Amino acid sequence: MNKRNEMMDRPVIDKEVRDYLRTSQKQLSGALGEIEAWANERRVPIIPHETVTFFRWLLPILEPKEILEVGTAIGFSAGLMVQSLSSDCHVTTIERNPDMIEKAKINFKKMNIENNVTLLEGQASEWLEKLEDGSVDFIFMDSAKAKYYDFFPHCYRILKQGGVLAIDDVLQGGTILDEDSEVPKRRLKIHRKLNAFLDIVLDHPAFDSSIVPLGDGLLLITKREKVDFSYMLPTDCGQ
Ligand code: SAH
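Keep in mind that this is a model prediction, so the values were computed, not measured.

Draft legend 1. Structural detail: helix α9 (residues 185-201). For α9, built from 17 residues, the straight-helix expectation of 24 Å at 1.5 Å per residue is met to within 8% by its first-to-last C-alpha distance of 25 Å. Along α9, the residues that are buried comprise Arg187, Leu188, Ile190, His191, Leu194, Phe197, Leu198 and Val201.

Draft legend 2. Representation of the environment of isoleucine 113 in the model. Here isoleucine 113 shows up in the loop between α6 (98-110) and β3 (117-121). The buried category is assigned to isoleucine 113, whose relative accessible area is 4%. Residues isoleucine 113 and leucine 131, 18 residues apart in the sequence, show an inter-C-alpha distance of 22 Å. Setting aside its immediate chain neighbours within four residues, isoleucine 113 contacts Gly79, Val82, Gln83 and Phe108.

Draft legend 3. Geometry of the pairing of strand β7 (residues 218-223). Of all the six residues making up β7, six are buried; the element is thus mostly covered by neighbouring parts of the structure. Neither face of β7 is exposed, since Leu218, Leu220 and Thr222 on one face and Leu219, Ile221 and Lys223 on the opposite face are all buried. Bridge count for strand β5 (residues 159-168) against β7 is five bridges, and the pairing is antiparallel. For aspartate 168, the partnering residue across the bridge sits in β7 and is leucine 218. Alignment of strand β6 (residues 207-212) against β7, held across six bridges, turns out to be antiparallel. Paired with serine 210 across the two strands is leucine 220, which belongs to β7. Adjacent in sequence and paired antiparallel, β6 and β7 are bridged by five residues, among which glycine 215 carries a positive phi angle near 55°.

Draft legend 4. Seen up close, the nonpolar core. Formed by 38 residues in total, the largest nonpolar core has its most connected members in Phe55, Ile74, Phe76, Phe108, Phe138, Phe140 and Leu218. Sequence-distant contacts of phenylalanine 138, that is, excluding residues within four places in its chain, are made with Phe55, Leu58, Leu59, Leu62, Pro64, Glu66, Ile67, Leu68, Met81, Leu159, Val164 and Ala166. By size, the runner-up hydrophobic cluster in this structure holds 35 residues, among which are Leu128, Tyr148, Leu159 and Ile190.

Draft legend 5. The pattern of salt bridges, seen in detail. One pass over the structure, following the stated rule, counts 15 salt bridges. When the shortest N-O distance is used, the salt bridge between glutamate 34 and lysine 110 registers 3.4 Å. In this pair, glutamate 34 is assigned in helix α3 (residues 30-42) and lysine 110 in helix α6, connecting sequence segments 76 residues apart. By relative accessible area, glutamate 34 is classed as partly exposed at 47%. Between glutamate 121 and lysine 105 there is a salt bridge, and its shortest N-O distance comes to 2.8 Å. A residue pair is termed long-range when its members are at least 10 positions apart, and glutamate 121 in strand β3 and lysine 105 in helix α6 qualify at 16 residues.

Draft legend 6. Molecular detail of the side chain of asparagine 107. Mapping asparagine 107 onto the fold places it in helix α6. With relative accessibility at 10%, the residue asparagine 107 sits in the buried group. Those residues in contact with asparagine 107 that lie beyond four places of it in its chain are Ile35 and Ile74.

Draft legend 7. Region of the structure containing the packing of helix α4 (residues 49-62) against helix α5 (residues 76-83). With their axes 9 Å apart at the nearest point, α4 and α5 run at an angle of 35° to one another. By crossing handedness, the relation of α4 to α5 is classed as right-handed. Contacts between α4 and α5 pair Val52, Phe55, Arg56 and Leu59 from the former with Phe76, Leu80 and Met81 from the latter. Split by residue class, the contact of α4 with α5 holds six nonpolar, no polar and one charged.

Draft legend 8. View of the site of the ligand. Close to the ligand lie 21 residues, the nearest being Ile47, Gly71, Ser77, Glu95 and Asp142. In the environment of the ligand, a nitrogen atom lies 3.3 Å from a nitrogen or oxygen atom belonging to the backbone of arginine 96. When the ligand is considered free in solution it has 580 Å² of accessible area, and contact with the protein chains removes 94% of it. Of the residues that constitute the shell around the ligand, the class distribution is 10 nonpolar, seven polar and four charged.

Draft legend 9. Region of interest: the side chain of lysine 223. Mapped onto the secondary structure, lysine 223 falls in strand β7. Among the polar contacts listed, one links the side chain of lysine 223 to the backbone oxygen of leucine 159, at a separation of 2.8 Å. Here lysine 223 is in contact with Tyr156, Arg157, Leu159, Lys160, Gln161, Gly162, Gly163, Ala206 and Phe207, once residues within four sequence places are set aside.

Draft legend 10. Examining the packing of aromatic side chains more closely. With the rule as written, the count across this model stands at 12 aromatic pairs. Relative to tyrosine 231, the ring of phenylalanine 229 lies with its centre 6.4 Å away and its plane at 40°, an arrangement referred to as tilted. When its relative accessible area of 57% is taken as the criterion, tyrosine 231 is described as exposed. Each residue in the set Tyr148, Phe152, Tyr156, Phe197, Phe207, Phe229 and Tyr231 is aromatic and connected to the rest through ring pairs, giving one cluster. Of note, lysine 130 hangs over the ring of tryptophan 127, and the distance from its end group to the ring centre comes to 4.8 Å. Positioned above the aromatic ring of tyrosine 156, the side-chain terminus of lysine 223 is 4.9 Å from the ring centre.

Definitions and limits used
- Residues numbered from 1 in each chain as written.
- Predicted model: local features only at pLDDT ≥ 70, side-chain atom pairs only at ≥ 80, totals over all residues.
- Heavy atoms only, no water.
- Helix = DSSP H or I, 4+ residues; strand = E, 2+ residues; numbered from the N terminus.
- Expected span 1.5 Å × (residues − 1).
- Buried < 20%, exposed > 50% of the residue type's maximum accessible area, 1.4 Å probe, protein only.
- Contact = heavy atoms within 4.5 Å.
- Pairing = 2+ DSSP bridges.
- Core = buried A, V, L, I, M, F, W, Y, C linked by side-chain atoms within 4.5 Å.
- Salt bridge = Lys/Arg side-chain N within 4 Å of Asp/Glu carboxyl O.
- Axes fitted to C-alpha atoms, helices over the stretch in contact; angles between N-to-C directions.
- Left-handed = near helix turned anticlockwise from the far one by under 90°.
- Nonpolar A, V, L, I, M, F, W, Y, C, P; charged D, E, K, R; others polar.
- Near = heavy atom within 4 Å.
- Polar contact = N/O pair within 3.5 Å; in protein donor to acceptor, adjacent residues only side chain to side chain.
- Areas by Shrake-Rupley, 256 points an atom, 1.4 Å probe, with all protein chains shown as cover.
- Phe/Tyr/Trp six-rings, centres within 6.5 Å; stacked < 30°, edge-to-face > 60°.
- Lys NZ or Arg CZ within 6 Å of the ring centre and 35° of its normal.

Here it is as structure tokens:
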């Protein structure tokens, strides 16, 4: 959580513009609005409001029925996705932190969306392996950034052709551009893994992709062709 909080203070766009995007665009009401305010007051990680606005605009256009989320936290983005769509949509969301799981369960009740959500408790790597090929229309990956590289082959496999994969926080407050020698040791692993991931996916011929500078950078990928990315999977049982 600390690393993410650190990046919250390094906007990738001008701070005044970012604040404008956060305060001038449509606000949330009801339980979802209360959860957003609660999290922001405590700096609990949730997507920032500019990404909230974008998802509320994007999802009704895409109309996904089956959604997968990696990184539930307190259930805010899962709730947002459900409430942006028709009542027959379903979100499967994965979380490993027991405190977050407890809060997410309470929030799903509070938002009255328990029937639309399946919470998978535990390591994402273990759950992702079990999910079926081509079974999901939209994936939101918002978990440990160093793991995006390892999780991507599964996410791509699980996604339907034409489906969209949204990956949060790929710019790391702009530090993604730094040379390895400029990066503090504690962030070096994330830095290298994210760069290696971006090197593979940004220019790949099998899909369309675009980084939108919302929050800390949201990468959007549309699956066009089937590709086996299993060569990227860790050979040990890394999580
Ligand atoms: N999507 C949420 C915020 C998620 S914050 C929202 O916007 O409301 C990232 C979450 O991912 C944290 O709660 C963290 O515990 C979880 N996470 C990180 N790595 C994980 C992993 N390998 N397996 C499962 N959960 C993971």
